[in-house]
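Residues per chain, in single letters:
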Amino acid sequence: MCGVCGCGEAETAIGGHRHEHHDHGAAAPDGKTANPARRKAHSHAHDHGRLHQQRPLFGPGAVRSDLVTIEQGILSKNDGFAAENRARFAELGLLALNLVSSPGAGKTSLLVATIESLKREASIAVIEGDQATENDADRIRATGVPAIQINTGRGCHLDAHMVGHAFESLPLEAGGILFIENVGNLVCPAAFDLGEAHKVAILSVTEGEDKPIKYPDMFAAADLMILAKTDLLPHLDFDVAACIEAARRVNPGIEVIELSARTGEGMGEWITWIGRAAERVRTPGSQPAGAGASASALAKA
Amino acid sequence: MHELTLARNLIELACEHARAQGADRVKRIQVRLGVLSGMLKPLYFCFGPAARGTLCEDALLEIEEVPLTVECPNCRAVKVPHTRYSFRCPTCGSPTPKVVTGREMVLVALELEASDRKKRRRPKRRRAGRADDLAMDNQAGERIR
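If you're wondering where the values come from, they're calculated on a predicted model, not measured in any experiment. (Residues numbered from 1 in each chain as written. Chains lettered and ligands numbered in written order. Predicted model: local features only at pLDDT ≥ 70, side-chain atom pairs only at ≥ 80, totals over all residues.)

So, the pairing of strand β10 (residues 255-258) of chain A
Residues and elements named next belong to chain A. Rule in force here: Criterion used throughout: strands pair if DSSP finds at least two bridges between them. Every helix listed is a DSSP run of H or I at least four residues long, and every strand listed is a run of E at least two residues long, numbered separately from the N terminus. The definition of a right-handed crossover adopted here requires that, viewed with the strands pointing away, the path from the first strand over the helix to the second runs clockwise.
The pairing of strand β9 (residues 224-228) with β10 spans four bridges and is parallel. Bridge pairing in β10 links leucine 224 to glutamate 255. With helix α8 (residues 240-250) bridging β9 and its parallel neighbour β10, the resulting β-α-β unit is right-handed.

And the structure:
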């Protein structure tokens, strides 16, 4: 494991290459890394730990051990990387979306359909996450848009460090859109901020209506729930209203869009939502754009 | 999330602080875990093996588990639900999605130790010390796998 940033070098492959050890810059004399952005992120989020020392640790009269108060989140390292990512995305006016779902809900198919609608109007790139294979990245690249595949090996979620590295290889213009398709998993990705503007949870109608209350952390963390594969509803007993009610129980403010990537039903509403989100990212504090403004809001910078 | 990920993050964070304080051993680690993490027992079981070869080897792990409390929008008060993972107000039955406590995963405190020999030695230059520590972590990485 990398002793500086903690990445599991032996497990993660980014863009087909084993993750090489990288230089995090010279260590500052206090032993912390010299990356000021990461330190700021930490000190902004946490008290970095103060030494409650009543007796000296060294020198005459020293005692050999002492209790040091830390009060730092155990996953704060990922939070630091996520904050760095978020800052870089903001500098470029990029909209970053983290797509999460259980395996097979239709994330990649939705992405392919979305890209076909948007690629003439916006600069788009995709980061794909799977345990193995380049299959999803290949499907994205077939649309003409750049994609990089992260293979997590035994890992079950993407983290901010992996995403930061993958992003370095992507040719995204300012004002573009970065889609991050997370590993299919409704549990672990909820705990790992990637620096995205929004988590979008995709739930297909072939799953149970009570998924949102079974996986409350994920649906609480998502700003939008997409109910996918609605073209299959005539063949199922899926209760759409019950599902939306379940989602609002764990997250009263969650937005919901019902769509089918295959037939195109509901896709217009999703594209509009993306346009509004992109507008908000580019002009913080602005009102969301109206329904007709989505295309112009996505114009390349 | 897998307990091994949590254990590794915890050990690495503790070792970073230990190195920053010039300690060469972590004797005790105090952690606060919210009940929603579901990690109390799993963390206890995997901490020992995960810590082998690091500054946290043989450290005593103390976990304080924090119960679930929620805010009821109807009663406008913080409530303790009837069951461990319930998201309903015990008084009025309203859904209570807002969690007040129960999600924490915090490294609270460390008891560090430095050997007496250090008092007589010239303090290590930070770069040399860091390279040695990296070597220890790399060994730990190999050993853990």
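So that's the structure; there's more coming.
A word on the packing of helix α2 (residues 76-92) of chain A against helix α5 (residues 160-168) of chain A
All names here are of chain A. What counts, and what does not: Only the contacting stretch of a helix is used when fitting its axis, a line to C-alpha atoms as for every element, and angles between N-to-C directions run 0 to 180 degrees. In this scheme, roughly parallel covers angles under 35 degrees and roughly antiparallel covers those over 145, while 65 to 115 is roughly perpendicular and the rest are oblique. In this scheme the handedness of a crossing depends on how the near helix is turned from the far one: anticlockwise by less than a right angle means left-handed, clockwise means right-handed. Here contacts are defined at the residue level, using C-beta atoms placed from the backbone and a cut-off of 7 Å between them. Any residue outside Ala, Val, Leu, Ile, Met, Phe, Trp, Tyr, Cys, Pro, Asp, Glu, Lys and Arg is labelled polar, Gly included; the first ten of those are nonpolar and the last four are charged.
At their nearest, the axes of α2 and α5 sit 8 Å apart, and the two run at 30° to each other. As judged from the angle between their axes, α2 and α5 are roughly parallel. As for how α2 packs across α5, the hand of that crossing is left-handed. Contacts between α2 and α5 involve Asn78, Phe81, Ala82, Glu84 and Asn85 from the former and Ala160, His161, Val163, Gly164 and Phe167 from the latter. Residues belonging to the contact of α2 with α5 are distributed by class as follows: five nonpolar, four polar and one charged.

Brief notes about the sheet that holds strand β3 (residues 69-72) of chain B
By definition, the strands of a sheet pair up through backbone hydrogen bonds, in either a parallel or an antiparallel sense. Residue and element names in this part refer to chain B. What the three strands build is an open sheet, ordered β4-β3-β5; its pairing is antiparallel. Two strands lie at the open edges of the sheet, namely β4 (77-79) and β5 (99-101), each paired on one side alone. The mean inter-strand angle of the sheet, taken between neighbouring strand axes irrespective of direction, is 40°.

Side note on the environment of valine 108 of chain B
Examined against the element boundaries, valine 108 of chain B turns out to sit in strand β6 (residues 105-113). Between the C-alpha atoms of valine 108 of chain B and asparagine 9 of chain B, which are 99 residues apart in sequence, the distance is 14 Å. For valine 108 of chain B, the residues in contact, after removing those within four places along its chain, are Ile70 and Glu71 of chain A together with Gln30, Val31 and Arg32 of chain B.

Thoughts on the domain arrangement of chain B
Residues and elements named next belong to chain B. To be explicit about the condition: Each domain's extent is set by a domain assignment, obtained either automatically or from a database.
Along its sequence, chain B is organised into domain 1 (1-66 + 102-116 + 134-145) and domain 2 (68-101). Taken together, the contact between domain 1 and domain 2 spans seven residues of the former and five residues of the latter. A class-by-class count of the residues in the side of domain 1 that touches domain 2 yields three nonpolar, two polar and two charged.

As for the sheet that holds strand β6 (residues 147-151) of chain A
Residues and elements named next belong to chain A. Strand order in this open sheet of nine strands is β2-β1-β6-β5-β7-β4-β8-β9-β10, and the pairing throughout is mixed. One side of each edge strand has no neighbouring strand; the edge strands of this open sheet are β2 (17-18) and β10. Taken together, the five bridges between strand β5 (residues 124-130) and strand β7 (residues 177-181) define a ladder with parallel strand orientation. By the bridge assignment, isoleucine 127 is partnered in β7 with isoleucine 180.

Details of unusual backbone geometry
Residue and element names in this part refer to chain A. Counted only if it meets this: Exposure in this text rests on C-beta crowding, where 20 or more other C-beta atoms within 10 Å of a residue's own make it buried, 12 or fewer make it exposed, and counts in between make it partly exposed. The C-beta atoms are placed from the backbone.
Look at threonine 133: it is not a glycine, yet its phi comes out positive at around 75°. By the secondary structure assignment, threonine 133 is in the loop between β5 and α4 (135-141). The exposure class assigned to threonine 133 is exposed, which follows from the 11 C-beta atoms found within 10 Å.

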